[in-house]
There are 2 protein chains.
Amino acid sequence: MILTFIGTAGSGKTTLSGAFGRYLEESGYSVGYVNLDTGVEDLPYPPDVDVRDDVTAWEIMEEGYGPNGAIVESYDRLLQKVDAYVSGITKLAEEMDYVIIDTPGQMETFLFHEFGVRLMEGLPSPLTVYLFSPDILKRPADFCFSRFFSLMVDLRIGTTTAPALSKIDTVENLDRYRRFLDDIDYLTSRLKLEPSTQGLLAYRMCSSLPELAPPTRVLYLSAVTGEGFDELETLAYEHYCTCGDLT
Amino acid sequence: MILTFIGTAGSGKTTLSGAFGRYLEESGYSVGYVNLDTGVEDLPYPPDVDVRDDVTAWEIMEEGYGPNGAIVESYDRLLQKVDAYVSGITKLAEEMDYVIIDTPGQMETFLFHEFGVRLMEGLPSPLTVYLFSPDILKRPADFCFSRFFSLMVDLRIGTTTAPALSKIDTVENLDRYRRFLDDIDYLTSRLKLEPSTQGLLAYRMCSSLPELAPPTRVLYLSAVTGEGFDELETLAYEHYCTCGDLT
């Protein structure tokens, strides 16, 4: 089964890919690893498929591109080979119990680029885990934003997407995060108290969540302590064996 | 008045900032320019406020960071000075008829970073233009994604946000884009025909759009031909003079 970690730079994709992969291997599973980041130097796992074999952001910067331009250009070049990546990853998934896909450092070079969209469309039923870290959750509207962003990932790349709070070892009051993320009714009632235009939009968007998508439980993960890995394993199992019911 | 261009790398923010600024200057307005991109080399406008005076992605890469890490780290460092940027841009807005803000190359380093959120919160009623280019619009669900993303920008940074299709000089069939983007009912009826789970989600999300936010017209812009600049000027005027009614 194919498991894809997606999230902004710094959300913990690469560290989690390595740590969750080791957890699965220690449980006796065979695990294949895919690196899609053209700008990474060191990886905490041995990649079986690696875009850097074709192109790196570094070599494009040597041609005179800036860092932003080099990252985008690297995926423009990879687009010509997207079918080969689909075949390679599909083959790896046939050989291994799990394939873990670590996506580009900047999420938008995956979500907003034809390379990411076409790759994900071509793969057999990948489960995507949308990672967001506690430091982007300050105000009630931010929790609504994160829950909604998981739907946006689903809408864009067409995969079943589970939202996951990463780096939970760095927060002391996890219960506060859980209450806002797990209980949409509670979050909605808090947003109703916000007098701003932004608060009203958040309230409306949050209220519409239950109608837009089936209830999906939020994962709470730490690559440091391994917390939540058993739940992620269960979720992946449910995705493949019960046709995507992730309530 | 403050006008902010936001969008992914390659959506045309920097080119439009320069071209629309020149258009305003030629119309007799005074225009101030703000560059928030730490990774850009050449700008088509003379910045009055420039984050590169404090930090550049290049100098951080020289410390050994990769391109993704350097970009994120540059905004971590800028965060300490966010109040000074709020003051500087507010002062510029008092002196000039227009202030144009050109945001970071990678949109997520603005939307998902406290620097971007706190900066926008601090500024007096900025109007944000969310730019997306025709190359990300392939399937009906992509149009839904783009309309929704404009709401996500609003939800995250709390500014009135207008969606704008950029680079319209590069497409031949603009009418097709307009029909999908302007007519939510038409888009919804097309999405209803999509049999996939993704199609169902897109249909539900698109159907909910009219309830979530007041109808906002989409702009169609070309930095090459100047098409749409008059409409953008009108929209900015309406935003400041009629309290954000952008129907």
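Source: prediction; values computed, not measured.

Rules used in this analysis
Residues numbered from 1 in each chain as written. Chains lettered and ligands numbered in written order. Predicted model: local features only at pLDDT ≥ 70, side-chain atom pairs only at ≥ 80, totals over all residues. Heavy atoms only, no water. Disulfide = S-S within 2.5 Å. Buried < 20%, exposed > 50% of the residue type's maximum accessible area, 1.4 Å probe, protein only. Salt bridge = Lys/Arg side-chain N within 4 Å of Asp/Glu carboxyl O. Contact = heavy atoms within 4.5 Å. Buried area = accessible area lost by both parts, 1.4 Å probe. Polar contact = N/O pair within 3.5 Å; in protein donor to acceptor, adjacent residues only side chain to side chain. Helix = DSSP H or I, 4+ residues; strand = E, 2+ residues; numbered from the N terminus. Pairing = 2+ DSSP bridges.

Tell me about the state of the cysteines, residues and numbers included.
Residue and element names in this part refer to chain A. As enumerated under the stated definition, the model contains zero disulfides over all chains in all. Lacking any disulfide linkage, C144 is separated from the closest cysteine sulfur, that of C206, by 4.4 Å. Residue classification places C144 among the buried positions, given a relative accessible area of 0%.

Go over the pattern of salt bridges with me, naming the residues and quoting the values.
Between side chains of opposite charge, pairing is possible as soon as their charged atoms come close. For the structure on display, the rule yields 22 salt bridges over all chains. One salt bridge connects R139(A) with D142(A), and the closest N-O pair in it is separated by 2.5 Å. For D142(A), a relative accessible area of 2% puts it in the buried group. Across the pair D50(B) and R52(B) runs a salt bridge whose closest N-O atoms are separated by 2.8 Å. On the basis of relative accessible area, D50(B) is assigned to the buried category, the value being 9%. Here the residues in one salt-bridge network are E121(A), R156(A), R139(B) and D142(B), joined through shared partners.

Lay out the interface of chain B and chain A with the relevant residues and their values.
Contact with chain B, which involves 51 residues of that partner, is made by 52 residues of chain A. For the pair chain B and chain A, the summed buried surface comes to about 4500 Å²; carbon and sulfur atoms form 64% of the total. For the pair chain B and chain A, the interface holds four salt bridges. A salt bridge links E121(B) to R139(A), with the shortest nitrogen-to-oxygen separation between them at 2.5 Å. Applying the counting rule to chain B against chain A returns 21 residue pairs in polar contact (both at pLDDT 80 or more). Contributing elements (two or more residues each) for the side of chain B that touches chain A: α2 (57-62), α3 (67-79), α5 (108-111), α6 (114-122), α7 (140-157) and α10 (197-212) of chain B. Of the residues forming the side of chain B that touches chain A, the biggest block, 12 residues, is contributed by α7(B).

Which residues make up the sheet that holds strand β2 (residues 31-35) of chain B, and what values go with them?
Residue and element names in this part refer to chain B. An order of β3-β2-β4-β1-β5-β6-β7 is seen for the seven strands of this open sheet, with the pairing classed as parallel. On the outer flanks of this sheet lie β3 (49-50) and β7 (219-220), each paired with one strand and no other. Direction of pairing for strand β5 (residues 127-132) relative to strand β6 (residues 160-165): parallel, over a ladder of six bridges. Across the sheet, the residue bridging to L127 is T160, located in β6.

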